[in-house]
Amino acid sequence: MTHNTQKIRVIHIITRLNTENTDGAAMMLYKLMAHTDRHRFEPIVISLDGEAELSNRIRAHGIDVYSLDMHHNITAGWQIFKLTQLLRNLQPDIIQGWMYHGNLAASLANLSLGNHHAVLWNIHHALPALNKEARTTRWVIELAAKRSSTPEHIIYNTYLSADQHTALGYDDQRSLVIPNGFDTQLFAPNHYQRNAMRHSLGIPADAFVIGLFAHYHPVKNHALFLEAARLLLPHQPNVHFILAGRGVTENNPKLQYLLNKMPTKQNLHLLGGRKDIPHLMNALDLYTLTSSYGEGFPESVAEAMACGIPCVTTDVSDLARIIGNTGQCLPVQDTTPQHWRLRGWNG
């Protein structure tokens, strides 16, 4: 392969390109690939796992993607040799790791190449407690801490994540916080989308609409949102609630008990997974995030802010810093369903 010396060749090594359970890292890599200045940079992606949906979406932008099926055994000598041989053929200027396995693989492969390349790590993961991670992931995290002086920079997307990893022994001198970026042409105030989406969902134009867009997971704490909705509806019958995300449907048995307690389901719209989030976001008057812990960078909050929608959230991750004085962050201990007092929900 001929190296184009007029461009900086950046090899991105990521654990997997699956968009589930990756703290948004794979999707953020995809967005970076879609918006990389191709006059200055020549990006190539290596996935330590197999093929995934994002593999072909990245290739559609004219970017090569290699899938190695090796992320479970990244420290095995023959696996690193395979990665090293590929890097030697690709001749990178910069090697950029993504996620724990990708970061460690980038440094180990560079070591095999004589440490001739600049290496960057990306960590998009909140780490409130190491013992909550899978055993193999804990081992990789701890080994990476011992190697954390080798990359040029360790890029975190939140200050909280940087502090958490520094406490585990990651080199603080290498820390660099770069918050996630967002497409403000895609996410922007749009009155037409607001009216059209409300009409399609049967929501009155004068209703006050509150939303939560997140896949179903205990961390997202949909129970808090639904309990708050149950408490609010008797006082504000013109309030509607939109929930979207994988698994957020009336057929989810884990939501049935909460849904059955609602005084009316007519004001509740459970939409499941959607691909029209910018349109849904513009239909809102208030966006919420009810997570109790474990958030990386809550992208939906920033997307709501880009649409001009005020936010009420729990005080997790860097949300207090992100929201500033444009919304309200409530302490997690004050926002459990049994202690909810409708703070911040009164319009």
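Source: prediction; values computed, not measured.

Q: Any chance you could explain the pattern of salt bridges here in plain terms?
A: One side chain can pair with another of opposite charge once the charged atoms of both are near each other. For the structure on display, the rule yields ten salt bridges. The partner of Glu42 in a salt bridge is Arg9, with the nearest N and O atoms 2.9 Å apart. Highlighted residues: Glu42 in strand β2 (residues 41–47) and Arg9 in strand β1 (residues 8–14), separated in sequence by 33 residues. Classification of Glu42 by relative accessible area gives partly exposed; the value is 22%.

Q: What am I meant to see in the pairing of strand β8 (residues 208–213) here?
A: Where a strand is regular, its side chains alternate between the two sheet faces. In terms of residue burial, β8 counts as a mostly covered element, since five of its six residues are buried. Bridge count for β8 against strand β9 (residues 239–244) is six bridges, and the pairing is parallel. Its bridge partner lying in β9, Phe208 is registered against Val239. Between the parallel elements β8 and β9, the chain passes through helix α8 (residues 222–232) in a crossover that is right-handed. Taken together, the two bridges between β8 and strand β11 (residues 286–289) define a ladder with parallel strand orientation. Residue pairing across strands places Gly211 opposite Tyr287, the latter belonging to β11.

Q: Would you take a moment to explain the sheet that holds β1 for this structure?
A: The strands making up a sheet associate through backbone hydrogen bonding, with each pair oriented either parallel or antiparallel. With parallel pairing, seven strands are arranged side by side in an open sheet as β3-β2-β1-β4-β5-β6-β7. Whereas interior strands pair on both sides, the edge strands pair on one side only; in this sheet they are β3 (65–67) and β7 (175–177). Each strand of the sheet is rotated relative to its neighbour by a mean of 25°, with strand direction disregarded. Strands β1, β4 (94–98) and β5 (118–123) of the sheet are contacted by helix α4 (residues 99–112), whose axis makes an angle of about 150° with β4.

Q: How should the packing of α4 against helix α5 (residues 135–146) be read in this particular structure?
A: In helix packing, the relevant descriptors are the interaxial angle and the interaxial distance, both defined with respect to the helix axes. The interhelical angle for the contact between α4 and α5, taken along N-to-C directions, is 45°, at an axis separation of 9 Å. The angle between the axes of α4 and α5 places the two elements in the oblique class. At the point where α4 passes α5, the crossing takes the left-handed sense. Contact residues: α4 offers Tyr100, His101 and Leu104, while α5 offers Thr137, Val140, Ile141, Leu143 and Ala144.

Q: I'm lost on the sheet that holds strand β13 (residues 328–330) in this one. Help?
A: Sheet architecture is open: six strands sit in the order β10-β9-β8-β11-β12-β13, paired in parallel fashion. Two strands close off the open sheet at either side, each with one partner strand: β10 (268–270) and β13. Averaged over neighbouring strand pairs, the angle between their axes works out to 20° when direction is ignored. Judged from the three bridges that link them, β11 and strand β12 (residues 311–314) form a sheet pairing that is parallel. Of the residues in β12, the one forming a bridge with Tyr287 is Cys311. Most of the contacts of α8 go to β9, to which it runs at about 165°, and overall it touches β8, β9, β10, β11 and β12.

Procedures and definitions
Residues numbered from 1 in each chain as written. Predicted model: local features only at pLDDT ≥ 70, side-chain atom pairs only at ≥ 80, totals over all residues. Heavy atoms only, no water. Salt bridge = Lys/Arg side-chain N within 4 Å of Asp/Glu carboxyl O. Helix = DSSP H or I, 4+ residues; strand = E, 2+ residues; numbered from the N terminus. Buried < 20%, exposed > 50% of the residue type's maximum accessible area, 1.4 Å probe, protein only. Pairing = 2+ DSSP bridges. Right-handed = clockwise from strand over helix to strand, strands pointing away. Axes fitted to C-alpha atoms, helices over the stretch in contact; angles between N-to-C directions. Contact = heavy atoms within 4.5 Å. Parallel < 35°, antiparallel > 145°, perpendicular 65-115°, else oblique. Left-handed = near helix turned anticlockwise from the far one by under 90°.

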